[in-house]
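Breakdown of the fold
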Amino acid sequence: MTANRVWEVVVIGSGPGGQKAAIQAAKAGRRVLMIEQETQVGGACVHRGTIPSKTLRETAMTFSAFRRKGGQVLEVNLPEDVQIAGLNSRLDGVVAAHEKFIADQIKRNGIEVWHGRARFKSPHTLEVVSISRGTRRVDAKIVIIATGSRPRNPELVPIDHEHIFDSDSILSMRYLPRSLAVLGGGVIATEYASIFATLGVRVTMIDKRERPLAFADTEIVDRFLQTFAEAGGRFVARAQVRSVAFDGVSAVVTTLGSGEEVWTEKVLCALGRVANLEGLCLEAAGLKIDAKGLVPVDAHYRTTTQHLYAVGDVIGPPSLAATAMEQGRLAARHALGLGVSDLGAGRSPVGIYAIPEIASLGMNESEARALGGAIVGRSEFRELARGQIGAIENGLLKLVADASGTYLLGVQVIGEGASELVHIGQMAMLGHLPIDTFVECTFNFPTLAEAYRVAALDIVGRRAAQPIIRTSQVRIAG
Amino acid sequence: MQLVTAVHRSVGSIAPVIELPANDDSHSANTVAELRQWLTERLAARALELPLLPDVVAQVIALSTSGESDARELAEVIRRDGPMSAHILRLANSPLFRPRTPIVSLQQALSRLGMTQIRQIAFAVSCKQRVFRARGFEPEVRASFRHSFATGLAAQELARARRWNVEEAFLAGLLHDVGRPVLLQAIVDMHGANRSLNRSAVLAVVAELHAQVGGMLAQKWSLPARVGEAIAFHHAPHAAKVSTQLSILISFADDLPACDEEHRPEAAAALLKHPLLPHLNLYPDEVAAIVARGKDFAETLQAVA
C-alpha cells in the first residue's frame, strides 16, 4: 500500500454534490482529492440518471411537439421497431460533452481525481482500492461523503435487467416495448412513465398512493394525470404490488393486492433509491447510519463526527441534482470556516422532467392554507398568446400568496418551460418582492412569463380592495 | 420488439452452409502464407460464400416477436426440429434454471425458459447444427461452439452487472467466433474431402481472419450493427467505432476461465489482472461473482453443446 501526504479535503464521489464541494474547496485554495469508483466523473446524474433520461425526454418532446404543432402539414409516427438507441442518438454526445465539461472544471481547479473505491480505516484515514493500481492510503483533514444512491431493489420484484428493469438499466433496452408497467409514483417513475407514454408505449403506472408525486400540489398533479391519460397512460392508485414475475413467454405479470393482473412486455421498478454507503466502512470513522439507511447531518451537512460531512442522496430527500450541488458547496464552505449565506435556505426549486414538465418552489396551496390562509392566483397557458402559439394549452401557473395577498409563498407550474419559469418566482421570493411587482412589470410578448402577470392579477382581484404597493416603496430584504 | 427481429426480416430462402467449388489452384494453398493469400483475396473480392440464417431460427424469431403467437404454436415449430427439441429440454433441466421438478414437455420448457431464452437457444443450436461444422475439424469446431456458447452466457452476466443490454451481449458472445467454422468449411471445401491439409497452418489462418469473417457474416444476417462490430473487433475492441463497450465486454468474456469449463483459481486470479478489466470497471467482488457462476455455465454447456 502506498502512503500519501495529508489532503486538506477529500471528497468521495464526483456527482453533483461532490463536484461542487470539491470545486468550492479548491477555489478556497485547499488541496483537494476526489475519489470516484466509476471510470468517468459525473456520477449517476451524468451516466445513468438525469442526463440520459432528459435526453430521451427531449426526443419524446420533439416527437410530441411535431404532433401538436405540425397542424395538418406533417404526419409523424414512430416505426413499430424503433430503437431507443436511435431515439437517444444524441445521448453519447451530450454525456461526453457534459463529462468533459466537468472533467475540465475539476482539472482547471487543480483537483486530483483517483479512480477506485474508498473505505474508512479511521476517522482521518481512508483506503482507496483501485482495479488496476492496488490499494492506496489517504490521510484527510476533512472528508465530504457524496457517494449518491442506486435504485432500491425490493425483494418481491425480481429485477433481471432483461424483462424487469430498474432506473439504472431501463435505457439499456434496445427497442421500445409495446407496453410498460412502472412501479412507483415518485419523480423517477413519473418522468419515465410520461416519457414512454409520449413515445407511444402503453404505460401503466402503479402506486400505493392516491396520486403520484405525493409532495406536489394536488391540482398540478391532477393536471399531470390528465395529460398522462390523454397520452394513453393509465394510473392505478392505492395499489399494493403483490408479485412481479416474467410469465416465461413474453410478458411480465404484475399482480396487485386487488387481484388485478397487469400484463406488460416490460416492467420498470422505480420504488425508491438507497444510499451508496456500504463498503465505506463508516463505523471506522465513528459514523452510524439511521433507520432509513441515511447519514444524519446537521443544518450545515456536518455528521456527528466533526470533520466529516455528507451531501446529496446519502442524506435523503429531496435527492435532486440541484440541491445536492448547493449542499456540496455549503458543506465545503462550512467545513473550511468560510461564510455561509442563508439566502437560499428553503427556497430551492424542484424540477420534475415529466411530460409535461412540473416545477415548484416554496409552499403549495394546501400547505399555505394550513398555515394560516392563502390567496392563490392562476394562469392557464391556453389563455396566453404564447401558450396558443406553442400548443402548450395544458400548462398552468399557480402563485400562492399569503393571506393578505401581498407576498409570494410559493410557485407551482406545470407545462413546457416550467423548470425555467419557476426561477422568476424564486427571484421574487428571494427579493421579498410584493405580488404587485408582477403586475407592474413589463414582460415580453408573447411569452409564458406573462403567466406571472396574469396570476398576480388574479390574486389582486381576489384580495380585499387595497391600494397597489409601489415597488419603489417596498423594502428589499437582505 | 426484440433485438433479433431484424434478423428474421432479412431471411429469404434457407440453405445450410454453402459448398464452395474446389478451387483449381487450391492444392497449392497449404502453408500459412498461401492460405492467407487465398482467403484474403476471396474476402477482398467478397467471393467467400457465407451461410444463410437457419430456417428454424427465423421461424422461432418470427413467432416469438409477433405478439400474437402462444407457447403452443412455438412449441410446434420447435418440435419439428428434433435436435433442437432435445437441446431445449436438456437446457430447461440444467442447473442454470434449477427446475424444482423435472421438465418433461416442450411446452413446459418454453414456459420455464421464456421467449427470450428460447430465441437464444434456437440461435445457438441452429448455429451449432448448420454453421459450426467442418469436415475433418470436428473436434475444433465442437470446442469452438462450446466456447462460443459459454462466452455468450458469460457476456450476458457481465452485461447484467454493468446494466447494459443483456440480450445483445448474449448474441454477440455466442457469435463472436462464428467466423472460425465458416472459414474452416471454406478451406475444407476448397481442398476437397480427400486432400490432406496442413492443420496447423489452417488453424493459424483461421485464428487470424475469423473476426473479420464473423463481422461479414453478421452483416449478411442483418444482425444489429453493434453486434456485428463486437464480433468483428473482439480481438481489437478499442478499434470498434460504435460499440467499443460491447466489444470490450465480448473480448473480456472470451477470456473468462469459466468459458473453458476449467474453473482454475489461478486463472481467476489472473483475470483480475486482465488489461480490459479497468475499461469494464468491474471490481474484484463483481468478477468473482461472475466467475463463481462458471460451474452453472459448464453444466448448461453439457445440456446444449
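A few points on the structure.

Definitions and limits used
- All residue numbers refer to position in the chain's written sequence, counted from 1.
- Each chain takes a letter, starting from A, and each ligand takes a number, starting from 1, following the order in which they are written.
- The predicted origin of the model limits local features to residues at a pLDDT of at least 70 and limits the giving and counting of side-chain atom pairs to 80 or more, whereas totals for whole chains, interfaces and linings rest on all residues.
- Just so you know, side-chain values use all the structure's heavy atoms and leave hydrogens and water out.
- Each helix corresponds to a stretch of at least 4 residues labelled H or I by DSSP, and each strand to a stretch of at least 2 residues labelled E; elements are numbered beginning at the N terminus.
- In this description the radius of gyration comes from C-alpha coordinates, and the expected globular size is given by 2.2 Å times residues to the power 0.38.
- Any two residues whose heavy atoms approach within 4.5 Å at even a single point are treated as in contact.
- Lys and Arg are tallied as positive, Asp and Glu as negative. Neither His nor the chain termini are counted.
- To locate a charge, the coordinates of NZ of Lys, CZ of Arg, CG of Asp or CD of Glu are taken.
- Working definition: with a 1.4 Å probe on protein chains only, accessible area under 20% of the residue-type maximum means buried, over 50% means exposed, and in between means partly exposed.
- Calculation of accessible area relied on Shrake-Rupley with a 1.4 Å probe; when residues are assessed, cover is drawn exclusively from the protein chains displayed.
- Two strands qualify as a pair provided DSSP detects at least 2 bridges between them.
- An axis is simply a line fitted to the C-alpha atoms; with a helix, the fit covers only the stretch in contact. Between two such axes, the angle follows the N-to-C directions and lies from 0 to 180 degrees.
- By this rule the span expected of a helix is its residue count minus one, scaled by 1.5 Å.
- The arc refers to the directions leading from the helix axis to the C-beta atoms.
- Definition of nonpolar core: a set of buried residues of the types Ala, Val, Leu, Ile, Met, Phe, Trp, Tyr and Cys, connected through side-chain atoms within 4.5 Å.
- Crossings are assigned a handedness: left-handed for a near helix turned anticlockwise from the far helix by less than a right angle, right-handed for a clockwise turn.
- The residue classification treats Ala, Val, Leu, Ile, Met, Phe, Trp, Tyr, Cys and Pro as nonpolar and Asp, Glu, Lys and Arg as charged. All others, Gly included, are polar.
- Whenever a carboxyl oxygen of Asp or Glu lies within 4 Å of a side-chain nitrogen of Lys or Arg, that contact is scored as a salt bridge.
- The pairing test for Phe, Tyr and Trp rings, Trp by its six-membered ring, is centres within 6.5 Å, and the orientation test on the planes gives stacked under 30 degrees, edge-to-face over 60, and tilted for anything in between.
- The definition of a polar contact used here is a pair of N or O atoms within 3.5 Å, where within protein one atom must be able to donate a hydrogen and the other to accept one, and adjacent residues in sequence count solely through side-chain atom pairs.

Within chain A, the regular secondary structure consists of 13 helices and 22 strands. Computed over C-alpha atoms, the radius of gyration of chain A comes to 24 Å, within 12% of the 23 Å expected from 2.2 N^0.38 for 478 residues, which places it in the range of a compact globule. Within chain A, contacts between residues separated by at least 24 positions form 64% of all contacts whose residues are at least 6 apart in sequence. Computed over 52 positive and 49 negative side-chain charges, the inter-centroid distance for chain A is 6 Å.

Our next topic: the overall build of chain B. The helix and strand inventory of chain B stands at 16 helices and zero strands. Going through the 305 residues of chain B one by one, you find that 57% of them count as buried. Long-range contacts, defined as pairs at least 24 residues apart, comprise 71% of the intrachain contacts of chain B with a sequence gap of at least 6. If you sum the accessible surface of chain B, you get close to 12000 Å²; carbon and sulfur atoms cover 52% of it.

Working definition: the strands of a sheet are paired by backbone hydrogen bonds and lie parallel or antiparallel to each other. All names here are of chain A. Strand order in this open sheet of five strands is β8-β15-β9-β10-β11, and the pairing throughout is parallel. If you trace the sheet from one side to the other, it starts and ends with β8 (164-166) and β11 (234-236), each paired once. Neighbour-to-neighbour, the strand axes of the sheet open up by a mean angle of 20 degrees, direction not taken into account. Across the sheet, helix α6 (residues 187-198) touches β9 (179-183), β10 (202-206) and β15 (266-269), and the angle it forms with β10 is around 160 degrees.

With that settled, consider helix α2 (residues 32-44) of chain B. Residues and elements named next belong to chain B. When the terminal C-alpha atoms of α2 are compared, their 18 Å separation across 13 residues agrees well with the 18 Å that a helix rising 1.5 Å per residue should span. Restricting attention to buried positions, one finds in α2 the residues Leu-35, Trp-38, Leu-39, Arg-42 and Leu-43. One face of α2 carries all of its buried residues, which in axial projection span an arc of 130 degrees. Those residues of α2 that are buried lie in contact with α9 (179-191) and α10 (199-220). Phi for Arg-46, located one or two positions after α2, is positive at around 55 degrees.

Here we come to the nonpolar core. Of all hydrophobic cores here, the largest spans 91 residues; its most connected members are Ile78(B), Ile88(B), Phe123(B), Leu175(B), Leu223(B), Leu249(B) and Phe252(B). The element contributing the most residues to this core is helix α6 (residues 106-131) of chain B, with twelve residues. The contact partners of Ile88(B), leaving out residues within four places of it in the chain, are Ile78(B), Leu106(B), Ala109(B), Leu113(B), Ile118(B) and Ile121(B). One finds Ala146(A), Leu282(A), Ala285(A) and Tyr309(A) within the second-largest nonpolar core, a separate group that totals 53 residues.

Our next topic: the pairing of strand β21 (residues 396-401) of chain A. Residues and elements named next belong to chain A. Of all six residues in β21, six are buried; the element is thus mostly enclosed. What you see with β21 is no split at all: Leu-396, Lys-398 and Val-400 on one side and Leu-397, Leu-399 and Ala-401 on the other are buried throughout. Bridging between β21 and strand β22 (residues 408-414) involves six bridges; their strand directions are antiparallel. Residue pairing for β22: Leu-396 is matched across the bridge by Ile-414. The antiparallel pairing of β21 with β22 creates a hairpin that spans six residues between the two strands, and Gly-405 there sits at a positive phi of about 75 degrees.

Residues and elements named next belong to chain A. Spatially, β18-β19-β22-β21-β20 is the arrangement adopted by the five strands of the open sheet, whose pairing is antiparallel. Only two strands of the sheet have a single neighbouring strand rather than two, namely β18 (350-352) and β20 (375-380). In this sheet, neighbouring strand axes are inclined to one another by 10 degrees on average, regardless of whether the strands run parallel or antiparallel. Pairing analysis gives three bridges linking β18 to strand β19 (residues 358-362), with the strands arranged antiparallel. From the neighbouring strand, Ile-352 faces β19, where its bridge partner is Ile-358. Together, β20, β21 and β22 form the strand contacts of helix α13 (residues 450-462), whose direction differs from that of β20 by roughly 140 degrees.

Moving on to the packing of helix α8 (residues 166-175) of chain B against helix α11 (residues 225-232) of chain B. Each pair of packed helices can be described by the angle between their axes along with the distance between the axes. Residues and elements named next belong to chain B. Here α8 crosses α11 at 35 degrees, and the two axes come no closer than 9 Å. The interaxial crossing formed by α8 with α11 has right-handed handedness. Facing Glu-168, Leu-171, Ala-172 and Leu-175 of α8, the residues of α11 in contact are Arg-226, Val-227, Ala-230 and Ile-231. Per-class residue counts for the contact of α8 with α11 are six nonpolar, no polar and two charged.

A word on the pattern of salt bridges. A side chain with one charge can pair with a side chain of the opposite charge if their charged atoms come near. Residue and element names in this part refer to chain A. Counted by the stated rule, this structure contains 34 salt bridges over all chains. Ionic pairing is found between Glu-191 and Lys-54, a salt bridge with its closest N-O pair at 2.8 Å. Here Glu-191, found in helix α6, pairs with Lys-54, found in helix α3 (residues 50-69); they are 137 residues apart in sequence, far enough to count as distant. By relative accessible area, Glu-191 is classed as buried at 7%. Note that Glu-357 is salt-bridged to Arg-57, the shortest N-O span being 3.1 Å. Of this pair, Glu-357 sits in the loop between β18 and β19 while Arg-57 sits in helix α3, placing them 300 residues apart in sequence. Since its relative accessible area comes to 7%, Glu-357 is described here as buried. Given the relative accessible area of 5%, Arg-57 is considered buried.

What follows is about the environment of Ala22(A). Residue and element names in this part refer to chain A. Mapping Ala-22 onto the fold places it in helix α1 (residues 16-27). Distance from Ala-22 to Leu-396, taken between C-alpha atoms, is 39 Å for residues 374 residues apart in sequence. Setting aside chain neighbours within four positions, we find Ala-22 in contact with Val-11, Val-32, Met-34 and Ile-111.

What follows concerns the packing of aromatic side chains. By convention here, two paired aromatic rings are described through the distance between centres and the angle between planes. Residue and element names in this part refer to chain A. Throughout the structure, instances matching the rule amount to six aromatic pairs over all chains. Ring centres of Tyr-192 and Phe-196 lie 6.1 Å apart, and the angle between their planes is 25 degrees; this geometry places the pair in the stacked category. With Tyr-192 and Phe-196 both in helix α6 and four residues apart, this pair spans about one turn of that helix. According to the relative accessible area criterion, Tyr-192 is buried, its value standing at 4%. On the basis of relative accessible area, Phe-196 is assigned to the buried category, the value being 0%. Between Phe-224 and Phe-228, the aromatic rings sit 5.8 Å apart at their centres with planes inclined by 10 degrees, giving stacked as the arrangement.

On to α6(A), then. Residues and elements named next belong to chain A. If you check α6, its first and last C-alpha atoms are 17 Å apart, about what twelve residues at 1.5 Å a residue would give, namely 16 Å. Of all twelve residues in α6, ten are buried, a share of seventy percent or more. Within α6, burial applies to Ala-189, Thr-190, Glu-191, Tyr-192, Ala-193, Ser-194, Ile-195, Phe-196, Ala-197 and Thr-198. Of the residues flanking the end of α6, it is Gly-200, one or two places downstream, whose phi is positive at about 100 degrees.

Residue and element names in this part refer to chain A. Within the element layout of this structure, Thr-125 appears in strand β5 (residues 125-129). A polar atom in the side chain of Thr-125 sits 3.1 Å from the side chain of Asp-139. Those residues in contact with Thr-125, other than ones at most four positions away along the chain, are Arg-119, Phe-120, Arg-137, Val-138 and Asp-139.

Residue and element names in this part refer to chain A. Cis geometry marks the peptide bond from Ile-355 to Pro-356, where omega comes out at 5 degrees. Mapped onto the elements of the fold, Pro-356 is located in the loop between β18 and β19. Here Phe-445 and Pro-446 are connected by a cis peptide whose omega angle stands at -5 degrees. Positive phi is not limited to glycine here, since His-161 has a value of about 60 degrees. Its location among the elements puts His-161 in the loop between β7 (149-151) and β8. The class of His-161 is buried, set by a relative accessible area of 8%. Of note, Arg-238 is a non-glycine position whose phi angle comes to about 50 degrees, a positive value. Locating Arg-238 in the fold gives a position in the loop between β11 and β12 (241-246).

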